[in-house]
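# Coordinate analysis (summary)
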Amino acid sequence: MKRSKISVLLKSKPSAETVLIKGWVRTRRDSKGFSFIEINDGSCRENMQVIAGQELENYADILRLSTGSAAAVTGRLVASQGQGQAWEVQATGVEIISIAPDAYPLQKKRHSDEFLRGIAHLRPRTNKYGAAFRIRSELSYAIHRFFKERGFTYIHTPIITASDCEGAGEMFRVTTLNPDNIPKAGRSVDYSLDFFGRQANLTVSGQLEAELFALALGDVYTFGPTFRAENSNTRRHAAEFWMVEPEMAFCDLAGDMALGEEMVKYLVAYVMDECCSDLDLFARFVDKNLMATLENIASSDFVRLPYREAVDILSSATEKFDYEVGFGKDLQSEHEHYLTERHFKKPVIVYDYPATIKPFYMRVNSDGETVAAMDVLVPSIGEIIGGSQREERIDVLEARMDEAGLLRENYWWYLDSRRFGSVPHSGFGLGFERLIMLITGISNIRDVIPFPRTPGSIEF
RNA sequence: UCCCCAGUAGCUCAGUCGGUAGAGCAGAUGGCUGUUAACCAUCGGGUCCGUGGUUCGAGUCCGCGCUGGGGAGCCA
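Residues numbered from 1 in each chain as written. Chains lettered and ligands numbered in written order. Predicted model: local features only at pLDDT ≥ 70, side-chain atom pairs only at ≥ 80, totals over all residues. Heavy atoms only, no water.

To continue, consider the pattern of salt bridges. A complete count under the given rule lists 27 salt bridges for this structure. Between Asp280 and Arg45 there is a salt bridge; the shortest N-O distance is 3.8 Å. With a gap of 235 residues between them, Asp280 in helix α7 (residues 276–285) and Arg45 in the loop between β2 (34–40) and β3 (48–53) connect regions that are remote in the sequence. Taking relative accessible area as the criterion, Arg45 reaches 18% and is therefore assigned buried. A salt bridge links Asp402 to Arg408, with the nearest nitrogen and oxygen atoms 2.6 Å apart. Salt bridges linked by common partners bring Glu398, Asp402, Arg408, Asp416 and Arg419 together as one network. (Salt bridge = Lys/Arg side-chain N within 4 Å of Asp/Glu carboxyl O. Helix = DSSP H or I, 4+ residues; strand = E, 2+ residues; numbered from the N terminus. Buried < 20%, exposed > 50% of the residue type's maximum accessible area, 1.4 Å probe, protein only.)

Moving on: the sheet that holds strand β4 (residues 70–79). With respect to topology, five strands assemble into a closed barrel ordered β1-β2-β3-β5-β4, the strand pairing being mixed. Along the sheet, successive strands turn relative to each other by an average axial angle of 50 degrees, direction set aside. In terms of strand pairing, β2 meets β3 through six bridges, oriented antiparallel. Considered in β3, the bridge of Phe36 is made with Ile51. (Pairing = 2+ DSSP bridges. Axes fitted to C-alpha atoms, helices over the stretch in contact; angles between N-to-C directions.)

Whenever strands of a sheet pair, they do so through backbone hydrogen bonds, lying parallel or antiparallel. Spatially, three strands are ordered β7-β11-β8 in an open sheet, and the strand pairing comes out antiparallel. Of all the strands in the sheet, the pair left with one neighbour each is β7 (160–161) and β8 (173–174). Across two bridges, the pairing between β7 and strand β11 (residues 200–202) is antiparallel. By the bridge assignment for β11, Thr161 is matched with Asn201.

Positive charge collects at one region of the surface, where Lys2, Arg3, Lys5 and Lys22 lie side by side. Its relative accessible area of 71% is what places Lys2 among the exposed residues. (Patch = residues over 30% accessible without salt bridge, like charges linked within 9 Å, V, L, I, M, F, W, Y side chains within 5 Å. Areas by Shrake-Rupley, 256 points an atom, 1.4 Å probe, with all protein chains shown as cover. Lys, Arg positive; Asp, Glu negative; His and termini not counted. Charge placed at Lys NZ, Arg CZ, Asp CG, Glu CD.)

A separate point is the state of the cysteines. Overall, the coordinates contain zero disulfides when judged by the stated rule. As a non-bridged cysteine, Cys276 has Cys275 as the owner of its nearest cysteine sulfur, 7.6 Å distant. (Disulfide = S-S within 2.5 Å.)

A few words now on the domain arrangement of chain A. Domain annotation of chain A identifies domain 1 (6–98) and domain 2 (123–168 + 204–447). Spacing between the C-alpha centres of domain 1 and domain 2 amounts to 45 Å. The interface of domain 1 with domain 2 comprises eight residues on the first partner and nine residues on the second. A combined buried area of about 650 Å² lies between domain 1 and domain 2, and 30% of that area is made up of carbon and sulfur atoms. The interface formed by domain 1 and domain 2 contains one salt bridge. In this assembly, domain 1 and domain 2 are joined by five residue pairs in polar contact (both at pLDDT 80 or more). Taken together, the residues that form the side of domain 1 that touches domain 2 break down as two nonpolar, three polar and three charged. (Domains from an automatic or database assignment. Contact = heavy atoms within 4.5 Å. Buried area = accessible area lost by both parts, 1.4 Å probe. Polar contact = N/O pair within 3.5 Å; in protein donor to acceptor, adjacent residues only side chain to side chain. Nonpolar A, V, L, I, M, F, W, Y, C, P; charged D, E, K, R; others polar.)

Dropping the structure here:
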């Protein structure tokens, strides 16, 4: 018989038909003459309650099924006589696939996130992490669907790159040179002997490559891993994370902001519609205000706030800040929190930042001192999207590169895109893990990545 | 990288003024019951993170280190 997923069985109609389920024992409760076994197969948060009677020939063995053990159960799917679940399986056969010894670290009680991080190979077997990673999967699908519905083309930009993308952060080196015997050309490393014949790194952004494809295919996006070797030790940073980067030809900053807002709302609404059961777990046990927060995001208009006005608001706030506010200074975490959580109480898009604090590729505004940049700030998480209209005028772009100390010859291909058929275009980067944090209420990025990489931590 | 906090049973934690180790859950055994974080009883269970020091005596106080967490910076 073909095995049925519990998620499918729970949605089916009563038929008393014989089914086969396979999964892991979450808990077992014995009664006189029979035993209740809760089986979870990972297809959904809910367990299937199995009734195993003493008439089963291996009943003595069934009583040894401990939490974490694996079993295959054949039986009739019937309406449950008890409270708490609609369905149950009256077992006609229980095959014990494997018994988990007492040393199994997961118990049928709440564990701390810190403890579970230490057993990242087992934590997806818990309700909370199973739900988190199912939502992560659903969100990935929703991202592709969002762009598909809008005619975007999915681009795979390179993971290994030679461009040091305007110093978006420290980069991981990619090399096949022997660290114990590095070839030198004079005092510096002779990269001509390295695999690619020059210095290579893991990508910190697919943006520059995505721009080239936007200027060919119109609307494109990337969705893949990104690497930052920054020594960041916070609940919002990881060395390896996933980023979504749409890039649109013939699009200005207003269109960029509109897409960012539309996308965040779409994804929030998607999970609210499609992941009710998993989301409910987070709303009940992780963040009591989660549903109100999500409804607020899905239904309210995001504030559009020029950087200058943000500075004015912060300057006249009665709140005391540790960091000074002023034109030319970047907004600090405390400022973002104030704007989204206390002043506006909803997502805020700050735009038109001073050119001095933004990278070379952002389009210089007519005032000459600001650039067409925008950050989408959300309560609790802070910056979830950073984007801009790109500088399409080659003379301005080259001047900005010179100011930033970047060598034009290293970006000849990027500059070519402005030389041949350049058009206004815009894009942004959305931190995928931060989005999951926003939607689930999970407060640490290490808990929304299956096997997180952070400074000093790469066990799994 | 900086600042702060924590580390005690398999897990979550308590441990008073410095006086020699506790609870709940988990486990084992028995009982009861269409149960549902099942329940009741009994039992077993400790390198108090490591190291050095103060003291008659350190889980407790002090130094150093390790690990984890929170905040900041950087950013998504």
